[in-house]
Amino acid sequence: MPCRSPPDKGWTLRYDFLEKQLGRAVATTLISNIGEFFTGDIKSPTADVSSLLIEDEQIKTLNPPEDVACDTAIDAESCAVLPGLVDGHIHPVFGEWTPAQDSIGWITNYMHGGSTTMISASELHTPGLDYENLTADLVTSLAEVARATTGRIRWGGVKVHAGTCLLVPGMNESHFDRLADAGAILTKFIFFPLEDNKEEAIRYTEWARGLRTKVHTGGVSRSGSSRVCGFETLKWLQPDIAAHVSGGPIPMSDEDLDLLVDNTEFALEICSSNNYRSTYLVTQRLKELGRLDRMTMGTDTPGGTGVIPRGMLRNILFLSSICEISPGEAIAVATGNTAKAHGLDVGILEEGAPADLVSAGPVKGSAGETLSDAIAHGDLPGISFVIIDGKVIVETRSEQTPPPMQIAHFIDSPGCPFC
Ligand SMILES: [Zn+2]
């Protein structure tokens, strides 16, 4: 039986909330003929999975029986399936508009680069914000507004966790109650004078435990107002996540980076705004100690580094092709590790998990024949499908990557993956 040919446009946005509300959501989707399967789990990053069944918003079964019934069937054409990427460090402002680089539509563009979840590291690019005169009520209100606007809508289908409060001195427990009530998941130390207010900062990390704390590390950021933060501060602060430890954009010293890896246990984030050399050093040290499980990833964009739809993919390529970790481990850093550090249930492909996944393969002309070959060589993959909560958001090919050599596609005869 013939398979449906790719649409002329090359890609289509299919996320439709009305469809869901009206009860016409696709119930089951079978993906068959999977070439490589990446779990997102750093402990076992690849698995022998050649097909999977999605039921509503979750992965129902890995390797289901060949004759399993389904409403929609996708032939992966031997492409790889990996978890949707989790960008652990973004700076949204209002919806898909960013004043940082005067662009719109950036979240949807990032989704076409494979990101299905994004976590705000604060809405600090809000125009007119006076970093030197932030008050407890202002920063709390700013986070509430971000959560109730940008964080309320699935821009491009992406799960955007907005509303990350810029912690400042003078906050009390009621401010943290407000943040928790708003549904925030994270708070951020960046402008807080940590060394001058140690007791207050530690109190915040205790109050915020229901949320999570992230701290700006390294030298001063584009704002010019952030505080320099290295090992001496991090060792007593004990945040949940140390942001961009290899530079965002300026890294801490090599000595501090070694001390941080050797003497702490919390998550260590690397970002696109990094110092490449420092990223190499921290990756080698974590690898030597068998602690790649501590590494998380983000783009730290939009910002001075730009708007980078393929930023997460490029980070994966750098980790694997230059920093000498396996493609599966690099993908796990960008998915399961980052989700877990932020307390999210995405990033791992297993039965019962949210069906957030990407189908990708090597681009024509790329080294090797598999996604692993391409990633290990540092070649950008081509994305064909992006699925979020079981919904096909991108079909056939991404707007932001070249097409993969083999293009996954719908099969016209549901229930028959072998037509
Ligand atoms: Zn940042």
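Residues numbered from 1 in each chain as written. Predicted model: local features only at pLDDT ≥ 70, side-chain atom pairs only at ≥ 80, totals over all residues.

1. Considerations on the overall build of the protein chain
Phase 1 of the analysis: Along the backbone of the protein chain there are 11 helices and 20 strands.
Phase 2 of the analysis: Every one of the 419 residues in the protein chain was classed for burial, and the buried ones make up 55%. (Helix = DSSP H or I, 4+ residues; strand = E, 2+ residues; numbered from the N terminus. Buried ≥ 20, exposed ≤ 12 C-beta atoms within 10 Å, placed from the backbone.)

2. Focus on the sheet that holds strand β5 (residues 80-83)
Phase 1 of the analysis: Pairing within the open sheet is antiparallel, and its 4 strands lie in the order β5-β17-β18-β19. Across the chains shown, the open sheet's two edge strands, defined by having one partner strand only, are β5 and β19 (391-394). Between one strand axis and the next, the sheet turns by 30 degrees as a mean value, whatever way the strands run.
Phase 2 of the analysis: Bridge count for strand β18 (residues 381-388) against β19 is 3 bridges, and the pairing is antiparallel. Within the sheet, the bridge partner assigned to Ile-387 lies in β19 and is Val-392. (Pairing = 2+ DSSP bridges. Axes fitted to C-alpha atoms, helices over the stretch in contact; angles between N-to-C directions.)

3. Focus on unusual backbone geometry
Phase 1 of the analysis: Here the amide bond leading from Gly-248 into Pro-249 is cis, since omega sits at 0 degrees, within 30 degrees of zero.
Phase 2 of the analysis: Structurally, Pro-249 can be placed in the loop between β14 (241-242) and α7 (254-263).
Phase 3 of the analysis: Cis geometry is found at the peptide bond from Thr-301 to Pro-302, where omega equals -10 degrees.
Phase 4 of the analysis: Secondary-structure assignment places Pro-302 in the loop between β16 (295-298) and α9 (311-321).
Phase 5 of the analysis: Of note in the backbone geometry, His-244 takes a positive phi value of approximately 25 degrees without being a glycine.

4. Quick notes on helix α3 (residues 136-148)
Phase 1 of the analysis: Here α3 contains 13 residues, and its C-alpha end-to-end distance of 18 Å stays within 8% of the 18 Å for a straight helix at 1.5 Å per residue.
Phase 2 of the analysis: What α3 keeps buried is the set Val-139, Thr-140, Leu-142, Ala-143, Ala-146 and Arg-147. Down the axis of α3, the sector holding all buried residues measures 155 degrees, keeping them to one side.
Phase 3 of the analysis: Buried residues belonging to α3 abut β9 (115-120), β11 (165-166) and α4 (173-182). (Expected span 1.5 Å × (residues − 1). Arc of directions from axis to C-beta. Contact = placed C-beta atoms within 7 Å.)

5. A short note on the sheet that holds β9
Sheet strands associate in pairs through backbone hydrogen bonding, adopting either a parallel or an antiparallel arrangement.
Phase 1 of the analysis: On the basis of which strands lie adjacent, the open sheet formed by 3 strands has the order β6-β9-β10 and parallel pairing. Among the strands making up the open sheet, the edge pair consists of β6 (85-90) and β10 (159-161). Adjacent strand axes in the sheet meet at a mean angle of 15 degrees when their direction is disregarded.
Phase 2 of the analysis: Bridge count for β9 against β10 is 3 bridges, and the pairing is parallel. Residue pairing across strands places Met-118 opposite Val-160, the latter belonging to β10.
Phase 3 of the analysis: In the packing of helix α10 (residues 327-341) onto the sheet, the strands contacted are β6 and β9, and the crossing angle to β6 comes to about 60 degrees.

6. Notes on the domain arrangement of the protein chain
Phase 1 of the analysis: The domain architecture assigned to the protein chain consists of domain 1 (17-83 + 349-411) and domain 2 (85-341).
Phase 2 of the analysis: Between the C-alpha centres of domain 1 and domain 2 there is a distance of 28 Å.
Phase 3 of the analysis: Between domain 1 and domain 2, the contact holds 27 residues from the first and 27 residues from the second.
Phase 4 of the analysis: Put simply, the parts of the chain that give the side of domain 1 that touches domain 2 at least two residues each are β5, α11 (371-377), β18 and β19.
Phase 5 of the analysis: Split into classes, the residues belonging to the side of domain 1 that touches domain 2 amount to 15 nonpolar, 8 polar and 4 charged. (Domains from an automatic or database assignment. Nonpolar A, V, L, I, M, F, W, Y, C, P; charged D, E, K, R; others polar.)

7. Some words on α7
Phase 1 of the analysis: Within α7, burial applies to Asp-256, Leu-257, Leu-260 and Val-261. Each buried residue of α7 sits inside an arc of 135 degrees when the element is viewed along its axis, so together they form one side. For α7, exposure combined with an orientation more than 90 degrees from the buried face picks out Asp-254, Glu-255, Asp-262 and Asn-263.
Phase 2 of the analysis: Considering only its buried residues, α7 is in contact with α6 (231-237), β14, β15 (267-271) and α8 (276-288).

8. Observations regarding the packing of α3 against α4
Phase 1 of the analysis: The geometry of α3 relative to α4 is characterised by a closest axis approach of 9 Å and an angle of 5 degrees between their N-to-C directions. In terms of orientation, α3 and α4 fall into the roughly parallel class. Across from Ala-136, Thr-140, Ala-143, Glu-144, Arg-147 and Ala-148 in α3, the residues of α4 making contact are His-175, Arg-178, Leu-179 and Ala-182. (Parallel < 35°, antiparallel > 145°, perpendicular 65-115°, else oblique.)

9. Structural notes on the pairing of β18
Phase 1 of the analysis: Most of β18 sits inside the fold, with 8 of its 8 residues counted as buried.
Phase 2 of the analysis: Linkage of β18 to β19, two consecutive antiparallel strands, is achieved through a turn of 2 residues, within which Asp-389 is found at a positive phi near 50 degrees.

10. With respect to the packing of α7 against α8
Phase 1 of the analysis: Running from N to C, α7 and α8 point in directions that differ by 30 degrees, and their axes come no closer than 10 Å. Taken together, the axes of α7 and α8 lie roughly parallel to each other. Crossing handedness for the pair α7 and α8: right-handed. Packed against α7, whose contacting residues are Asp-254, Leu-257, Asp-258 and Val-261, the element α8 presents Ser-278, Leu-281, Val-282, Arg-285 and Leu-286 at the interface.
Phase 2 of the analysis: Of the residues that constitute the contact of α7 with α8, the class distribution is 5 nonpolar, 1 polar and 3 charged. (Left-handed = near helix turned anticlockwise from the far one by under 90°.)

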